[in-house]
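Fold and contact review
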Amino acid sequence: MQITNDVESLRRARALAGVCAFVPTMGNLHEGHLSLVRLARRHAPFVAVSIFVNRLQFQPSEDFDRYPRTFERDCRMLEAEGVSLLFAPDEKVLYPQPQAYRVAPPAIADDLEGRFRPGFFVGVTTVVLKLLNCVQPEVAVFGKKDYQQLMLIQGMARALDLPVRIVPGETVREPDGLAMSSRNGYLTPAERAEAPRLSRLMREVAGGSLTPEGAVQELMGHNWKPDYVEVRRREDLGVPTSDNREKVVLAAARLGATRLIDSLEF
Ligand code: AMP
């Protein structure tokens, strides 16, 4: 696996490679990330991964500084998956000066996650656009766990005519249903035991035996601080009507100091 930290050597490596499938990450890799790597491999023999903790998508009050950074371990995992190229730029490489030019996503970016993390999707779409321009992959893979993010990136690729195909990857879960996440490592043992409640309630909402409001009440009753549990249309994350069959439950809730998010199509 070749590791590049700057755009020049990345471009040299890319010039020698053929069709490329790309998986952007913030590192601290787990099986969810690796499943995206394996999905990427089905689309191209040359798989590129990036590791970059993107300051632009963190609020000042959020966990940018304590976000888990496990570079050596991540490298070993990617090596074992047969990844061809790892792009791991320093902040100074992607943001040599404050990023004055930013993507302006549509209004849906201010809903759901955006309501609780103002500017989050400006930061996400901007860094993804930059990473896609650096790596220039034919295919890029994003997880459905971050459903709104996936939708906005698909929308950006279409609206800005990006020459890349965005491929969604299924959410990988722990045996008890908790969606794998780098932030799960923040949970205390007691919180870890409580954490699967979120996906359990989401399954009940998807199955129709619980309302989203009921799920919020349940979470509050077990000391969670829910930001939202909502059912939306899959296609545009609008509020569904009775005609809409393809739906998704989206949820974000804080358990102690850890904010967990999850989504479930139904
Ligand atoms: P992150 O490192 O959290 O920014 O995530 C990098 C990519 O991995 C994003 O496309 C996420 O949606 C995806 N991802 C994160 N967790 C999972 C999971 N449990 N299953 C599948 N994909 C995931």
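Quick note: structure is the one above.
Residue positions are given per chain, counting from 1 as you read along its sequence in written order. Per-residue local features of the predicted model are confined to residues with pLDDT of at least 70, and side-chain atom pairs are confined, for both listing and counting, to 80 or more; whole-chain, interface and lining totals are unaffected and use all residues. Hydrogens and waters are ignored; side-chain quantities use all the structure's heavy atoms.

Let's talk about the site of the ligand
Contacts to the ligand come from 17 residues, most closely from H33, G143, D146, V172 and M180. Residue H33 places a side-chain N or O atom 2.9 Å away from an oxygen atom belonging to the ligand. Under this definition, polar contacts are N or O atom pairs within 3.5 Å; protein pairs additionally need one hydrogen-donor-capable and one acceptor-capable atom, and for neighbouring residues in sequence, both atoms have to be side-chain atoms. Within the backbone of M180, one N or O atom sits 2.9 Å away from a nitrogen atom of the ligand. Using a 1.4 Å probe, the Shrake-Rupley method yields the accessible areas, and only the shown protein chains count as cover for residues. Here the ligand has 490 Å² of accessible area as a free molecule, and 92% of this is covered by the chains. When residues of the shell around the ligand are traced back to their parent elements, those giving at least two are strand 2 (20–25), helix 2 (31–43) and strand 5 (139–143). Tallying contributions element by element places helix 2 first for the shell around the ligand, with three residues. When grouped by side-chain class, the residues that make up the shell around the ligand number seven nonpolar, seven polar and three charged. Near, as used in this document, describes a residue that has one of its heavy atoms within 4 Å of the molecule or strand being considered. Under the scheme used here, helices are H or I runs from DSSP no shorter than 4 residues and strands are E runs no shorter than 2 residues, and both carry numbers assigned from the N terminus. Following the grouping adopted for this structure description, the nonpolar residues are Ala, Val, Leu, Ile, Met, Phe, Trp, Tyr, Cys and Pro, the charged ones are Asp, Glu, Lys and Arg, and the polar ones are all others, Gly among them.

Section: the sheet that holds strand 5
In this scheme, strands are said to pair when DSSP sees at least two bridges between them. In spatial order, the strands read 1-4-3-2-5-6; together these six strands make up an open sheet with parallel pairing. Two strands in the sheet have a free side with no partner beyond their single neighbour: strand 1 (2–4) and strand 6 (165–169). Between one strand axis and the next, the sheet turns through 25° on average, direction left out of account. Where strand 5 meets strand 6, five bridges bridge the pair, whose relative direction is parallel. By the bridge assignment for strand 6, V141 is matched with V167. Running over the sheet, helix 3 (residues 71–80) touches strand 1, strand 3 (46–51) and strand 4 (85–87) and is turned about 170° from strand 3. Packed onto the sheet, helix 7 (residues 147–159) meets strand 5 and strand 6 and runs at close to 165° relative to strand 6. Only C-alpha atoms enter the line fits that serve as axes; for helices the fit covers just the stretch in contact. Angles between N-to-C directions range over 0 to 180 degrees. In this analysis, two residues are considered to be in contact whenever any of their non-hydrogen atoms come within 4.5 Å of each other.

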